[in-house]
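Okay, here's what each chain looks like letter by letter:
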Amino acid sequence: MDVFEILKVSFDSLKANKLRSFLTMLGVIIGVAAVILLVSIGEGARRYIRTELGGLGTNILIVVPGKTAKEGGTHMGTSSVRKLVYDDAVLIKKRSVHVQYAVPVIVGTSWVKYRNKNRDTYIVGVTEDYFPARNLSIESGRALGSNDVETKRRVCILGRTVKRDLFGDVNPLGATIKIGDERYRVIGIMQKKGVTLGYDLDDVVFIPTPVAMDLFDTDALFNITVKARGEQSIDAAKRDIRKLLIHRHAGREDFTILSQDEMLDVMGKVLNIMTAVLAGIAAISLIVGGIGIMNIMLVSVRERTKEIGIRKAVGAKNRDILFQFLVESTVVSVTGGAGGILLGVSVGMAIPLFVKFLPTSIAWWSVVLAFFFSALVGIFFGVYPARKAALYDPIVALRHE
Amino acid sequence: MKELIILQGIKKIYDLGKNRVEVLKGIDLSVNQGEFVAIMGPSGSGKSTLLNIIGCLDRPTEGRYLFEGNDVSNKSNDELAEIRNRKIGFVFQSFNLLPGMSAVKNVELPLLYSGVSGPERRALALEMLQRVGLSHRAEHKPPEMSGGEQQRVAIARALVNNPLVILADEPTGNLDSRSGTEIMEIFKHLHQEGTTIVLVTHERAVAGYAERVITIKDGVCMDGCF
Ligand SMILES: Nc1ncnc2c1ncn2[C@@H]1O[C@H](COP(=O)(O)OP(=O)(O)O)[C@@H](O)[C@H]1O
Ligand SMILES: [Mg+2]
């Protein structure tokens, strides 16, 4: 049997019914595009989170109040949870040889004003250790020093967005801005970090933690950001912190220590499930596309009964007819699959250009998988109509008008 | 002379639930190699049914059919397809060409199923079209051709695999008398070249081309069966 001739016959018969062929393919096109797109969104989220958490800096442990942090509901502050306080951080650093830095962090929002310009922004209270611990770079001016923290100086370091909104092109170093009711001197500007998932990482102002405690009138920390001395010290540091805090919290473990690996792990698991669910939903649309192919092939077999009769009369065997219709349904699905790849990949690549907060990453395994799956769908849903065609009685088929 | 086709007690019965239709009631017939036989009879007498059985398109309900000395009754569908492909050329009243394919592609069709390569298929098909005087119409599709031309394409298709026998079921039935004569001249010519032909018709003039005329009535052979 001449495969090229059969392919040609398939293409000719598809060309003879262009609109119908296209509509049939559309089901597969949409299915394949959906698989590629949804997986690329899942992959994009995974990649985003990996770089985000990677950006924490290496050997970082984050201590948060409450015991359910890993399950997602962070320190929602049930009555039995004791808050983390400034001295917890100081003691962690003092008592554990495995800890290089332990930074008490406070986060809140407040209005910031410079002359007639103002902005509602995140205020993050940190100590001088925060910048080396998180690998944060200062673009101009200086970072916080231990003096600033110890003497509760009202100094601040601006993120790029805050700097741009309040100062424009003016050099803000040494200027005085108002946060809440107090005046702060600008001592530095952060390096640009960019926008991810719709969240502006430069929309932030750093001040010393003790100052932030006064500003927000609280001594409850948002977290304690710890940096271990090295990779080998992480587990030991974790043990030390746990022991110390349980002791200080009257024998109760009402806090959670998160390491970067654990966070990646948990997020990775969530994302795997999410990606699988998305791919599964998309795969269902591919199967629906396959049913569309089966439907049209059944119509086609019926319409071409006479042709089948003629072919059998001149010597086509059952398997020749079977093969011809199987090739035809596979051509529909594979052509649709190729179209779907084109659509899925181009839309997947275009999304981040138009929707800033949705990072996508084309997973090439999903492209290959979707393509083969579409070919499989064509074969699977083509078998029944093709078998029907192959088993026609030649006389009955010839008489058909 | 060698017997190419031998039918012994061939019956065809359609069992339609309540009513049993006996279309062929025991036909005994043989056709020699190189013979030109016409089958005549009134409409509905079973001529086409008989020709389809001879052509291995249909199976008899009862009786023995020897083609080239081999019993065909217990051959598989694929084996019958192979016989149709290599040893039998069919010509139908309504031409039965594929309307979407050019004349030459139509003629190539039997070769496609006997595994002949593309270029060779085309060469053989063009040669056959030349034999029926249609070289200039090779790339035309059947709907663009007259009835007579379509039937000549069908004859070229029947001949292309160099069959042992040509079976024609009222080949002039859909043609005007002039085209009909042209077609019959082709059959006459083929017969002179030694091709075996079995032809069904109800026109005396057409039957006149044959060496022997078989008459069938109500599924029974009235004359010419031996
Ligand atoms: N599949 C079938 N079922 C029932 N009757 C049939 C079938 N095919 C043919 N017949 C009957 O067989 C008889 C002979 O048909 P046919 O061989 O076509 O006659 P002819 O070619 O001599 O006109 C007709 O009466 C026809 O109705
Ligand atoms: Mg008839």
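Residues numbered from 1 in each chain as written. Chains lettered and ligands numbered in written order. Predicted model: local features only at pLDDT ≥ 70, side-chain atom pairs only at ≥ 80, totals over all residues. Heavy atoms only, no water.

**Focus on the interface of chain A and chain B**
Let me state the cut-off plainly: We call two residues in contact whenever any of their non-hydrogen atoms come within 4.5 Å of each other. By definition, the buried area sums, over both parts, the 1.4 Å-probe accessible area that each loses when the two are put together. What makes a salt bridge here is a side-chain nitrogen of Lys or Arg within 4 Å of a carboxyl oxygen of Asp or Glu, nothing more. The term polar contact refers here to a pair of N or O atoms within 3.5 Å; inside protein, the definition further demands a hydrogen-donor-capable atom paired with an acceptor-capable atom, and it admits residues adjacent in sequence only when both atoms are side-chain atoms.
Tallying the contact residues gives 22 residues for chain A and 23 residues for chain B. Each partner contributes to the roughly 2000 Å² buried at the junction of chain A and chain B, and carbon and sulfur atoms together form 57% of this total. In this assembly, chain A and chain B are joined by four salt bridges. A salt bridge links K105 of chain B to E5 of chain A; the shortest N-O distance between them is 3.2 Å. Linking chain A with chain B are seven residue pairs in polar contact (both at pLDDT 80 or more), by the criterion used here.

**Focus on the state of the cysteines**
A disulfide bridge is the covalent bond that connects two cysteines by way of their sulfur atoms. All names here are of chain B. As a reminder, the rule being used: Only a pair of cysteine sulfur atoms within 2.5 Å qualifies as a disulfide here. Using a 1.4 Å probe on the protein chains alone, a residue whose accessible area is under 20% of its type maximum counts as buried, one over 50% counts as exposed, and one in between counts as partly exposed.
Under the counting rule described, the total for this entry stands at one disulfide over all chains. Residue C221 pairs covalently with C225 via a disulfide, S to S 1.8 Å. Negative torsions about the S-S bond denote left-handed disulfides, and the value of about 95 degrees found for C221 with C225 makes this one right-handed. You can see C56 has no disulfide; the closest cysteine sulfur is in C225, sitting 18 Å from it. Accessibility expressed as a relative area gives 2% for C56, which makes it buried.

**What to know about the sheet that holds strand 7 (residues 165-169) of chain B**
Each strand in a sheet pairs with its neighbour through backbone hydrogen bonds, running either in the same direction (parallel) or in the opposite one (antiparallel). Residue and element names in this part refer to chain B. Using the following cut-off: A pair of strands is labelled paired if DSSP reports no fewer than 2 bridges between them. Segments assigned H or I by DSSP are reported as helices when at least four residues long, segments assigned E as strands when at least two residues long, and all are numbered from the N terminus. Throughout, an axis means a line fitted to C-alpha atoms (over the contacting stretch in the case of helices), and angles, computed between N-to-C directions, take values from 0 to 180 degrees.
With mixed pairing, six strands are arranged side by side in an open sheet as 6-7-8-3-9-10. One side of each edge strand has no neighbouring strand; the edge strands of this open sheet are strand 6 (88-91) and strand 10 (220-223). Taken pair by pair, the neighbouring strands of this sheet meet at an average axis angle of 25 degrees, ignoring direction. Packing of helix 6 (residues 177-192) onto the sheet brings it into contact with strand 3 (36-40), strand 6, strand 7 and strand 8 (196-200), and relative to strand 8 it is tilted by some 150 degrees.

**Describing the site of ligand 1**
In plain terms, the rule: Any residue with at least one heavy atom within 4 Å of a molecule or strand is counted as near it. Methods summary: accessible areas were calculated by the Shrake-Rupley approach with a probe of 1.4 Å, and residue burial reflects only the protein chains presented. Throughout, the ten residues Ala, Val, Leu, Ile, Met, Phe, Trp, Tyr, Cys and Pro are labelled nonpolar, Asp, Glu, Lys and Arg are labelled charged, and all others, Gly among them, are labelled polar.
Neighbouring residues of ligand 1: R399 of chain A together with Y14, L16, V23, P42, S43, G44, S45, G46, K47, S48 and T49 of chain B. Among the chains of the assembly, those with residues near ligand 1 are chains A and B. Interatomic distance of 3.4 Å between a side-chain N/O atom of R399 of chain A and a nitrogen atom of ligand 1. Protein chains shield 67% of the accessible area of ligand 1, which is 560 Å² for the free molecule. If you tally residues by element for the shell around ligand 1, the top one is helix 1 (residues 47-54) of chain B, at three residues. Residue composition of the shell around ligand 1, grouped by class: four nonpolar, six polar and two charged.

**A word on the domain arrangement of chain A**
Using the following cut-off: As annotated, the domain borders come from an automatic or database domain assignment.
The assigned domain composition of chain A is domain 1 (3-52 + 266-399) and domain 2 (83-253). Summarising the inter-unit geometry, the C-alpha centres of domain 1 of chain A and domain 2 of chain A are found 54 Å apart.

**Points about the packing of helix 10 (residues 305-313) of chain A against helix 11 (residues 318-354) of chain A**
Residues and elements named next belong to chain A. In plain terms, the rule: Should an angle fall under 35 degrees it is taken as roughly parallel, and over 145 as roughly antiparallel, whereas 65 to 115 is taken as roughly perpendicular and any remaining angle as oblique. Less than a right angle of anticlockwise turn of the near helix away from the far helix marks a crossing as left-handed, whereas a clockwise turn marks it as right-handed.
Viewed as axis vectors pointing N to C, helix 10 and helix 11 meet at an angle of 140 degrees, and their least axial separation amounts to 10 Å. By the angle between their axes, helix 10 is oblique relative to helix 11. The hand of the helix 10/helix 11 crossing is right-handed. Residues E307, I308, R311 and K312 of helix 10 form the contact with helix 11, whose participating residues are N318, I321, Q324 and F325. Class assignment of the residues belonging to the contact of helix 10 with helix 11 gives a composition of three nonpolar, two polar and three charged.

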